[in-house]
Amino acid sequence: MEQQKQAVQDPIFDKNRNPGKTFSLGLQHVLAMYAGAIIVPLIVGGALGLTTEQLTYLIAIDLLACGVATLLQVFGNKYFGIGLPVMLGCAFQAVGPMIIIGQQHGMSAIYGAIIASGLFVILFSGLFGKLIKVFPPVVTGSVVTIIGLTLIPVALTDLGGGANAGEEFGSMLNLSLGFGVLVFIIIMNRFAKGFWRSISVLLGLIIGTIAAAMFGGLDLTPLREAGWFRAPQPFYFGTPEFKIVPIVTMILVAIVSVAESTGVFMALGKIVDRDITSKDLSRGYRAEGIAIVVGGIFNSFPYTTYSQNVGLIQMSRVKTRDVIVVAGSLLILIGFVPKIAALTQLVPPSVLGGAIGCIVRNGCIFRYSHAGGSG
């Protein structure tokens, strides 16, 4: 009887909704989180000097893993998954630490640390569910802001045209593109509302790239070289290495992600009229831990719950999980197509630098105000 009541309160599918509308709503969710999903591999890959082929794989597998991580949460069961309409994506707070670990210890140490941090979250998910109040927003917010500030050198380098810009570094074109994107995103966040605000970073990247193309600043090589299909490859960057300092660093990042996800879970619980218990939280954390391990095995990223999608649910008032199932499935489908991943590599470094600068400027790491979470 209790299970029947839960099914009525929290249905997965809306049989009365047109499938076309469900698809369009799912696509909206993909667009809302897409910039957050692609900008992380672009920053990390660029900072670590990955080749075009490696970066294309990193972006593609990241999108695919975002979809898998989302479905793990949506289809909740008694072991893992909170069973709420949540979208998962790259934990932006992991960017700075991943770059530092990669530069000091290599790519293998990054993924060893990610796998270890995911296992840590899985093992201690029950404890987190009981002790999460120990991590108030002021603490986690401060940590995330500090991590964001470590990206300032990356933003400034990209703003000038990137480390490989040569004599073009700091040129008027690069600076105009970078600051133009920065101002555009700030204006969108100030005056736009709802869905348009949630995709402000994505719009900034698209408009900045189009502007660069008009001035001849677009390199189509990654798109030409990319194939149409590629299956995921475990340990693409080599066998993971487990080193103490990188592992401890990523565990701290995972704890911050878990604390921030709590805000998203609680906000969603209110939206869908569901009381979130400590057991629900534990299942949600456990699903995030599994997603992090999957990210480490397939050499992508740690994953966390995205708050901008919560705002989209609140705006559309569509609370069923079928929309998120569509969004997660779309991400998996896109992840199998390197051509789509290669499209994101067309974004010039100066445009990317402007977007990063806006994120750091807001001190929010994609923290849209909808749910007090992180994206």
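Structural data are supplied above this passage.
Procedures and definitions
Residues numbered from 1 in each chain as written. Predicted model: local features only at pLDDT ≥ 70, side-chain atom pairs only at ≥ 80, totals over all residues. Heavy atoms only, no water. Helix = DSSP H or I, 4+ residues; strand = E, 2+ residues; numbered from the N terminus. Buried < 20%, exposed > 50% of the residue type's maximum accessible area, 1.4 Å probe, protein only. Contact = heavy atoms within 4.5 Å. Areas by Shrake-Rupley, 256 points an atom, 1.4 Å probe, with all protein chains shown as cover. Axes fitted to C-alpha atoms, helices over the stretch in contact; angles between N-to-C directions. Parallel < 35°, antiparallel > 145°, perpendicular 65-115°, else oblique. Left-handed = near helix turned anticlockwise from the far one by under 90°. Patch = residues over 30% accessible without salt bridge, like charges linked within 9 Å, V, L, I, M, F, W, Y side chains within 5 Å. Salt bridge = Lys/Arg side-chain N within 4 Å of Asp/Glu carboxyl O. Expected span 1.5 Å × (residues − 1). Phe/Tyr/Trp six-rings, centres within 6.5 Å; stacked < 30°, edge-to-face > 60°. Lys NZ or Arg CZ within 6 Å of the ring centre and 35° of its normal. Bend = angle between axes of the 7 residues up to and from the residue. Core = buried A, V, L, I, M, F, W, Y, C linked by side-chain atoms within 4.5 Å. Polar contact = N/O pair within 3.5 Å; in protein donor to acceptor, adjacent residues only side chain to side chain. Nonpolar A, V, L, I, M, F, W, Y, C, P; charged D, E, K, R; others polar.

## Looking at the overall build of the protein chain
And then number 1: Each helix and strand in the protein chain was counted, giving 18 helices and 2 strands.
And then number 2: In the protein chain, which comprises 375 residues, the proportion classed as buried is 57%.
And then number 3: Nonlocal contacts in the protein chain, meaning residues at least 24 apart in sequence, comprise 84% of its contacts between residues at least 6 apart.
And then number 4: For the protein chain, the exposed surface amounts to about 16000 Å²; the carbon and sulfur share of it is 66%.

## So, the packing of helix H5 (residues 107–123) against helix H13 (residues 244–271)
And then number 1: Orientation of H5 relative to H13, taken along the N-to-C sense of each, is 50°, at an axis distance of 8 Å. With respect to H13, the axis of H5 lies oblique. Crossing handedness for the pair H5 and H13: right-handed. The segment H5 lies against H13, with Ala109, Gly112, Ala113, Ile114, Ala116, Ser117, Phe120 and Val121 engaging Pro246, Ile247, Met250, Ile251, Ala254, Ile255 and Val258.

## Looking at unusual backbone geometry
And then number 1: Here Phe235, not a glycine, exhibits a phi torsion of approximately 55°, which is positive.
And then number 2: Along the chain, Phe235 turns up in the loop between helix H12 (221–225) and H13.
And then number 3: A relative accessible area of 36% means that Phe235 is categorised as partly exposed.
And then number 4: The phi dihedral of Asn299 falls on the positive side, at around 60°, and the residue is not glycine.
And then number 5: Looking at the secondary structure, you find Asn299 in the loop between helix H14 (278–297) and strand E2 (303–305).

## Re a nonpolar patch on the surface
And then number 1: Taken together, the side chains of Leu173, Ile206, Ile210, Met214 and Phe215 define a hydrophobic patch exposed on the protein surface, amounting to about 540 Å² of accessible area.
And then number 2: Relative to the helices and strands, Phe215 resides in the loop between helix H11 (200–214) and H12.

## Focus on H13
And then number 1: Compared with an ideal rise of 1.5 Å per residue, which puts 28 residues at 40 Å, H13 spans 41 Å between its outermost C-alpha atoms and is within 8% of the ideal.
And then number 2: The buried fraction of H13 is high, at 20 of 28 residues.
And then number 3: Immediately beyond the C-terminal end of H13, within one or two residues, lies Asp273, with a positive phi of roughly 60°.

## Some remarks on the packing of aromatic side chains
And then number 1: Applying the stated criterion to the full structure yields 6 aromatic pairs.
And then number 2: Taking the centre distance of 5.8 Å and the plane angle of 5° together, the rings of Phe229 and Phe336 count as stacked. Taken together, the positions of Phe229 in the loop between H12 and H13 and Phe336 in the loop between helix H16 (322–335) and helix H17 (338–343) put the pair 107 residues apart, joining distant regions of the chain.
And then number 3: For Phe229, a relative accessible area of 59% gives the class exposed.
And then number 4: Overall, the relative accessible area of 25% leaves Phe336 in the partly exposed class.
And then number 5: On the numbers, 6.3 Å between centres and 40° between planes, the contact of Phe265 with Tyr285 is tilted. Of this pair, Phe265 sits in helix H13 while Tyr285 sits in helix H14, and the two are 20 residues apart along the sequence.
And then number 6: Taking the relative accessible area as the measure of exposure, Tyr285 reaches 0% and is therefore buried.
And then number 7: Through pairs of rings, three or more aromatic residues link up here, namely Tyr57, Tyr111, Tyr236 and Phe237.
And then number 8: Of note, Arg190 hangs over the ring of Phe191, and the distance from its end group to the ring centre comes to 5.0 Å.

## Re helix H2 (residues 19–47)
And then number 1: Helix length check: H2, at 29 residues, gives a terminal C-alpha distance of 42 Å against a target of 42 Å (1.5 Å per residue), a fit within 8%.
And then number 2: By the largest-angle criterion, Met33 marks the main kink of H2, which is about 45°.
And then number 3: Following H2 by one or two positions, Gly49 has its phi on the positive side, about 70°.

## Let's talk about the nonpolar core
And then number 1: Formed by 99 residues in total, the largest nonpolar core has its most connected members in Val40, Leu63, Leu205, Phe237, Phe301 and Tyr303.
And then number 2: For this core, the leading source of residues is helix H3 (residues 52–74), giving 14 residues.
And then number 3: Sequence-distant contacts of Val40, that is, excluding residues within four places in its chain, are made with Cys90, Phe92, Val95 and Phe301.

## Quick notes on the side chain of Thr305
And then number 1: Its place among the elements puts Thr305 in strand E2.
And then number 2: Note on Thr305: relative accessible area 1%, which makes it buried.
And then number 3: Of note is the side chain of Thr305, whose polar atom sits 2.9 Å from the side chain of Glu288.

## Describing the packing of H5 against H14
And then number 1: Contact geometry of H5 with H14 gives a least axis separation of 7 Å together with a crossing angle of 160°. Relative to H14, H5 is oriented roughly antiparallel. In this structure, the crossing between H5 and H14 has a hand that is left-handed. Contacts between H5 and H14 involve Tyr111, Ile114, Ile115, Ser117, Gly118, Leu119, Val121 and Ile122 from the former and Tyr285, Arg286, Gly289, Ile290, Ile292, Val293, Gly295, Gly296 and Ile297 from the latter.
And then number 2: For the contact of H5 with H14, the per-class residue count stands at 11 nonpolar, 5 polar and 1 charged.

Functional significance is not addressed by these values, which are geometric in nature.
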